[in-house]
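Examining the three-dimensional arrangement
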Amino acid sequence: MPFAQGIPSHDTLNDVMNALDGGLFSGAFTAWVEGLREDEPDIVAIDGKTSRRAKGGERHPLHVVSAWAPRQRLVPGQEKTDAKSNEISAIPLLLERLHLTGALVTIDAMGTQTKIAETILARGADDLLALKDNQRSLAEEVALFFDTPEQRSLAPFETTDADHGRVETRRHRVSHDVAWLNGDRCAPGEPRFPGLKAIAMAGARVERGGKTTVARRFFLSSLPLDAPLLARAVRAHWGIENRLHWVLDVVFHDDLMRLRTDNGPRNMATIKHMAMNLIQNAGGKHSLKVRRKAAARDHDCLKALITGTAQ
């Protein structure tokens, strides 16, 4: 502003987005977020999202792994996956960009890999990693452990939510008895996951419309956490779906983005995260969609968002 020569045309902006180096732009975004976040991170959730109409290279849909700070509702950083790879290769690159000292990093089962766990510990953070079929034997062993009479006799930490005719009761158990997981599969006494301090279980019983469903999830952690912290971390991780991915789809229409040239898709994903952080950081009682429209229609409101002076 004030754009004395006029606002750049659509084609000019498109050329700029395509030409910008995606890695450098993403790194600049991460450095900028450092000025918005609180001094000490709390929980950082890592998860991926696919923009189905945008192309990330070789005709593959754009897939971006994002970090989410649920307490502040900010995106600290993101990393695009390569066309012929998956989240396993992108997550360590994203972790290297982030300030993680003192944080608890939560990742779905895709990221339950020893290399990723080592990267988190090297960054001064702790991990909470989900166990599923990608670590089938380990998941089965942990499930059998929590089915032993000694574990079943312990009172779990319970939380209950009731909304729209749906009642969900969640039960959380944590055990710090992990010595039995140090087997002789690779070398005597070598742990299967570095720094392992706890194993955990989160069970959910959902009642809706006269039907009841029961599910259990299992976790590994390098932090000797307790059951209340486990419950908070599991709920916080779920927030990346309904507070980040849902917002990108509904407010920013991410699945309708059709950029397919050069660095354009990756850079526009960064721009959307930047816009979302600005709107979230501004606060206010109105919804994100209303605040976004207000910024589009009022230059003073837009300037206040960009400069961080919005009330």
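Residues numbered from 1 in each chain as written. Predicted model: local features only at pLDDT ≥ 70, side-chain atom pairs only at ≥ 80, totals over all residues. Heavy atoms only, no water.

1. Topic: the overall build of the protein chain
Going by this rule: A run of DSSP states H or I qualifies as a helix once it reaches four residues; a run of E qualifies as a strand once it reaches two. Both are numbered from the N-terminal end. For the radius of gyration, the atoms used are the C-alpha atoms, and the globule rule reads 2.2 Å times the number of residues raised to 0.38. Summary of the burial criterion: residues with accessible area below 20% of their type's maximum are buried, those above 50% are exposed, and those between are partly exposed, where the area comes from a 1.4 Å probe applied to protein chains only.
On a plain count of helices and strands, the protein chain comes out with 10 helices and 9 strands. By the compact-globule yardstick of 19 Å for 311 residues, the protein chain fits well, its C-alpha radius of gyration being 22 Å. Dimensions along the principal axes, computed over C-alpha positions, put the protein chain at roughly 75 × 45 × 35 Å. For the protein chain, the proportion of its 311 residues judged to be buried stands at 43%.

2. Regarding the packing of helix α2 (residues 22-33) against helix α8 (residues 264-282)
Stated precisely, the cut-off is as follows: With axes taken as lines fitted to C-alpha atoms, and helix axes fitted only over the stretch in contact, angles between N-to-C directions fall between 0 and 180 degrees. Angles below 35 degrees are treated as roughly parallel, those above 145 as roughly antiparallel, those between 65 and 115 as roughly perpendicular, and all remaining angles as oblique. Contacts are assigned to residue pairs that have any heavy atoms within 4.5 Å of one another. Asp, Glu, Lys and Arg are counted as charged, while Ala, Val, Leu, Ile, Met, Phe, Trp, Tyr, Cys and Pro are counted as nonpolar; the rest, among them Gly, fall into the polar class.
Between α2 and α8, whose axes approach to 9 Å, the crossing angle comes to 10 degrees. Between α2 and α8, the crossing angle belongs to the class labelled roughly parallel. On the side of α2, the interface is formed by G22, G23, F25, S26, F29, W32 and V33, while α8 contributes R266, N267, T270, I271, H273, M274, N277 and L278. Residues that form the contact of α2 with α8 fall into these classes: 7 nonpolar, 7 polar and 1 charged.

3. Topic: the environment of R217
If you trace the backbone, R217 turns up in strand β9 (residues 211-221). Its relative accessible area of 41% is what places R217 among the partly exposed residues. Separated by 15 residues in the primary sequence, R217 and A202 place their C-alpha atoms 5.2 Å from one another.

4. Side note on the nonpolar core
Basically, it comes down to this: Nonpolar core, defined: a set of buried Ala, Val, Leu, Ile, Met, Phe, Trp, Tyr and Cys residues in which side-chain atoms within 4.5 Å join the residues together.
Counting 33 residues, the largest nonpolar core has I46, L95, V105, I107 and I199 as the members making the most contacts within it. In this structure I199 touches V142, F145, F146, R173, V174, S175, D177, V178, W180, L181, F219 and L220, once residues within four positions along its chain are discounted. Formed by 17 residues, the second largest nonpolar core is a distinct cluster that contains L248, V251, I279 and A295.

5. Regarding the pattern of salt bridges
Heads up, the condition is: By convention in these notes, a salt bridge is any Lys or Arg side-chain nitrogen within 4 Å of a carboxyl oxygen on Asp or Glu.
The final tally for this structure, using the stated rule, is 16 salt bridges. The salt bridge partner of E168 is R170, with a shortest N-O separation of 3.4 Å. In this structure E168 comes out as buried when scored by relative accessible area, which is 11%. Taken together, the salt bridges that share partners define one network made up of D161, R166, E168, R170 and R235.

6. Digging into the side chain of D127
To be explicit about the condition: By the counting scheme adopted, Arg and Lys are positive, Glu and Asp are negative, and His together with the chain ends is not counted.
Relative to the elements of secondary structure, D127 occurs in strand β5 (residues 126-131). For the buried D127, no salt bridge is present, and the opposite-charge side chain at shortest range is K197, 10 Å distant. Not counting chain neighbours up to four residues away, the residues in contact with D127 comprise L104, V105, A117, I120, L220, S221, S222 and L223.

7. Here we look at the environment of H99
With respect to the helices and strands, the residue H99 is situated in the loop between α3 (87-97) and β4 (104-107). Here H99 falls in the partly exposed class, since its relative accessible area comes to 31%. Sequence-wise, H99 and R266 are 167 residues apart; in three dimensions their C-alpha atoms are separated by 22 Å.

8. Some remarks on unusual backbone geometry
For R73, which is not glycine, the phi dihedral falls at a positive 55 degrees. Mapped onto the secondary structure, R73 falls in the loop between β2 (60-69) and β3 (74-80). Residue classification places R73 among the partly exposed residues on the basis of a relative accessible area of 34%. You will see that H253, though not glycine, has its phi angle at about 55 degrees, which is positive. As for its position among the elements, H253 is in the loop between α7 (227-250) and α8.

9. What to know about the pairing of strand β8 (residues 198-208)
Stated formally: By this definition, two strands are paired if DSSP reports at least two bridges between them.
Of all 11 residues in β8, 8 are buried, a share of seventy percent or more. Bridge analysis of strand β7 (residues 166-175) against β8 gives 10 bridges, and the strand direction is antiparallel. Note on β8: the bridge partner recorded for S175 is I199. Of the pairings in the sheet, the one linking β8 to β9 comprises 11 bridges and is antiparallel in character. Paired with I199 across the two strands is L220, which belongs to β9.

10. Focus: the packing of aromatic side chains
Our working rule: Only rings of Phe, Tyr and Trp enter the pairing, Trp through its six-membered ring, and a pair is recorded when the two centres are within 6.5 Å. The plane angle decides the type: under 30 degrees is stacked, over 60 is edge-to-face, the rest tilted.
Tallying each qualifying case throughout the model produces 4 aromatic pairs. Ring geometry for F145 and F146: centres 5.5 Å apart, planes at 85 degrees, overall edge-to-face. Side by side, F145 and F146 carry an identical accessibility label, which is buried. Judged by centre distance (5.2 Å) and plane angle (15 degrees), the rings of F145 and W180 are stacked. Highlighted residues: F145 in helix α5 (residues 136-146) and W180 in the loop between β7 and β8, separated in sequence by 35 residues. Three or more aromatic residues joined by ring pairs make a cluster, and in this case those are F145, F146, W180 and F218.

Functional significance is not addressed by these values, which are geometric in nature.
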